[in-house]
Amino acid sequence: MRTLLAVGTVLVLVFCFGDVYSDATAAKPTIQNQDYFSLLEKGIEVLLSNVSSTQSLSQLSNLASLFPAMNVQNVQKILHSLNVPIPSGPQFNATLKLLQSTGQSVASKFTSGQKSYKMLSPACSSAMGMLGSQFLAQKQWALKMVDSWGKPRAGLLEGNVKWRGMYDECMNTVAEIDGKVVFEPNSCGVNIPTSISGPSGNVNIVIRMCLPSVCTGGDPYFIADSILALIPTTPPLTANFGWCQEEPEYDLRTTITICVCGAFLALMTLATLFDVFVVRQQQKKTTKTPIETEFNKNGIIPVTVIGEGNSPQNVEDNSPVKNGTIQTNGYSIDNVPAVETKYTGLCSKLLLSFSVWTNGRKLLSAKQTGGTMGAINGIRFLSMTWVILGHTYIFLLLQGALVNTAPFASQMLKRRSFMAITNALLSVDTFFTLSGLLVAYVFMKEMKREKGRINWFMFYFHRFWRLTPPYMMVMMLDIVLFRYLGDGPMWSVTGLETDYCKDSWWTNLIYVNNLVKTDKMCFGWSWYLANDMQFYVISPIILVPLYFSKKIGSAIAVLFLLGTTIASGVISKTYELPSTQYSMVPNPHSGDYFEKYYIKPYCRMGPYIIGMMTGYILYRTKGKYNMKPPVSLFIWIVMTTLACLVIYGVYDETSGKTAMSVNVAALYNAVHKTLWGVCVSWVIFACVTGNGGYINTILSWSPFVPLGRLTYCAYLVHPIIIFVYIRSLRQAVYATDFVMIYQFLGHLVTAYGVAFVVSLTFESPMMGLERAIFRRGKKKNQ
């Protein structure tokens, strides 16, 4: 309560002095032979009463001129009236000088604050006067508005610099005078730069204020400056910009997006009703249920390992499987026994592609056929959890959502075990490795069956069609509808993307957003999809020669690998990049790490090439390779050691102990991603060839099948979910191990839940449309 009264008193003083001094017709009162103690007494009475009258404001304004005019006689009179013994001699004179200098400083502070206050808009100035008078009258709604302001909190030096106040207390307040609502409250904020040093430069303080809604534009800025002028700091504190909460408008893009989503919902509803009440009823009456055998059509090579969804990767195998194929994703939705009904026309199939009942069963199925590369499902899901774990920490830190940002980051980075999260960036290289492996494996099987021929149109079309519809739909929802998903003191009414991506959205559509307009990158985490698509486009340069000649193809692959290694090292050395993006060692070039190195295809292709070579080896060995247990154990030890070196090798720099030299950092940046791809490739090779033991058993666990199928959509939506949570926070989070684990699990479960809905809405129907249009799933007569 004392803090509230102190803040409120300062606030009211500014409002009152501003009202008096902003009046051009009001003359500044002069103080001559007056009773200073009497004047002080009157000032206190005014503060405890309603100050709406001009006469009271004039009396209160005299206080601003009282202290500089203080003299010996007036001080003695005041002390005498207060029954305080009057000192004499040098001590009294020194005290008087201190009082006079302090009074002059106070007066100058008030004068500075008045200059800022005079710049308020007339409507805001009037509303603030009402707020001040009602606060002094101790009206409940005025007390709530002032109480909801952000106030200095403990932990300023530890990163607690965003004083959010009480957003809901402010927004739910009803400002009434004599039963009439005089204005609506609104949450505003100001940014205040300081000279306090933080991990990433000088600290900026953000303060939220509950102001009348008529205070817009520069009003929050001027109000903040008028109050900051009263704080005696060197240099003086000033706000550099201010803003107020606004309601997002429903514009044309919003209308279009809602209509598109409504169309999908209508199709899904109609298709599900048709499926359940018409087609299924017809199937019950039919006794003949022939099983359609899935044969992948020439050129259809569906691989996007970050989440295969329900797209089959069919590859031939010599194992005794009924349909003659194995599924690299553990289960193909096209191999579900299909009941022959009269609803086999194109229109029926197109409609049934949107059936929630059918698509939901396929997505959640955990069936695995014999000869399956089941370990890929476990690797895919665990890698996705690694991505979400890393983003849980990184986004909270970068968004300033923690009370204890500085000590928590310092404490975590000094933990050796935390390197597994700091280096969570390697999880993306796992996906690159898996993608390259599956592309090569399926390509070789297809080439063999078709005797060296590939339908190149379908090769590229299927890939584009597999990735793009859900990608573009989720990006559209992110750009247009994110702003409507929440509110709060840190919420942005313009959404997550800058200027609605109007200048850069097309770079995402053609998968060049990691090369073009990277300073305006839209849907920032989609840089991975651009790289993966680019690798897929150029993969035949390696795969075609490799199919016809092992030596020539291997030589081309080695040249590509050598090129990406040299490019990574040269770029790292040229820009003097650190070995890791997150480190306690200050590096002026850390800002170039992401844009110059991390997202560039010529720096990221190493694991993809390693994956392609592993896929080729699995094709040549037909998934069978006998290895003596001691040899297998030795390789497991070597690969485990290598993986630990890659993850923990930069601990000294990350923890701030010792920074790598530019040359050593360049070497690490050149090879560590490729070496990680080698480790991942060994795990897959060992599991497929029967040398995986319990690791293969764990990674092939059947629940990983549907989870792996949803990974692509989970990757698309999980940053949106995390950002909605962070920006909706009413108060900052105090980070502890338990809190972070709890948040990670919440983000993980929510991401996969939303991914299931997104897959049902945008992904599965698109794959169903492709099968219906191109007659996929029909047995090929040879």
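Residues numbered from 1 in each chain as written. Predicted model: local features only at pLDDT ≥ 70, side-chain atom pairs only at ≥ 80, totals over all residues. Heavy atoms only, no water.

- As recorded by an unreviewed UniProt entry, the protein carries the name Nose resistant to fluoxetine protein 6 and is attributed to Mizuhopecten yessoensis.

A look at the overall build of the protein
- Along the protein, the regular secondary structure elements total 32 helices and 8 strands.
- For the protein, with 782 residues in total, the buried portion stands at 51%.
- Residue pairs in contact within the protein that sit at least 24 positions apart in sequence constitute 79% of those at least 6 positions apart.
- As displayed, the protein offers around 35100 Å² of accessible surface, 63% of which is attributable to carbon and sulfur atoms. (Helix = DSSP H or I, 4+ residues; strand = E, 2+ residues; numbered from the N terminus. Buried < 20%, exposed > 50% of the residue type's maximum accessible area, 1.4 Å probe, protein only. Contact = heavy atoms within 4.5 Å. Areas by Shrake-Rupley, 256 points an atom, 1.4 Å probe, with all protein chains shown as cover.)

Some remarks on the packing of aromatic side chains
- Following the criterion strictly, the structure yields 44 aromatic pairs and no others.
- An angle of 40° between the planes, with centres 5.9 Å apart, marks the rings of tyrosine 471 and phenylalanine 523 as tilted. A residue pair is termed long-range when its members are at least 10 positions apart, and tyrosine 471 in helix H18 (residues 456–481) and phenylalanine 523 in the loop between helix H19 (505–509) and helix H20 (527–538) qualify at 52 residues. Both residues of the pair, tyrosine 471 and phenylalanine 523, count as buried.
- With a centroid separation of 5.7 Å and 70° between ring planes, the pair formed by tryptophan 636 and tryptophan 682 is classed as edge-to-face. Separated by 46 residues along the polypeptide, tryptophan 636 in helix H26 (residues 629–648) and tryptophan 682 in helix H28 (residues 662–688) bring together distant segments of the chain.
- Classification of tryptophan 636 by relative accessible area gives buried; the value is 14%.
- Among the aromatic side chains, those forming a connected cluster through ring pairs are Phe431, Phe432, Trp527, Tyr528, Phe535, Tyr593, Phe594, Tyr597, Tyr598, Tyr608 and Tyr715.
- Lying over the aromatic face of tyrosine 500, arginine 253 brings its terminal NZ or CZ to 4.1 Å of the ring centre. (Phe/Tyr/Trp six-rings, centres within 6.5 Å; stacked < 30°, edge-to-face > 60°. Lys NZ or Arg CZ within 6 Å of the ring centre and 35° of its normal.)

Focus: the state of the cysteines
- Applying the stated criterion to the full structure yields 4 disulfides.
- With a sulfur-sulfur separation of 2.0 Å, cysteine 188 is cross-linked through a disulfide to cysteine 244. For the disulfide bridge between cysteine 188 and cysteine 244, the dihedral angle about the S-S bond is near 95°, and by the sign convention the bridge is right-handed. Taken as a pair, cysteine 188 in strand E4 (residues 185–198) and cysteine 244 in strand E6 (residues 241–244) lie far apart in primary sequence, 56 residues in all.
- The exposure class of cysteine 188 is buried, given its relative accessible area of 0%.
- Here cysteine 244 falls in the buried class, since its relative accessible area comes to 16%. (Disulfide = S-S within 2.5 Å.)

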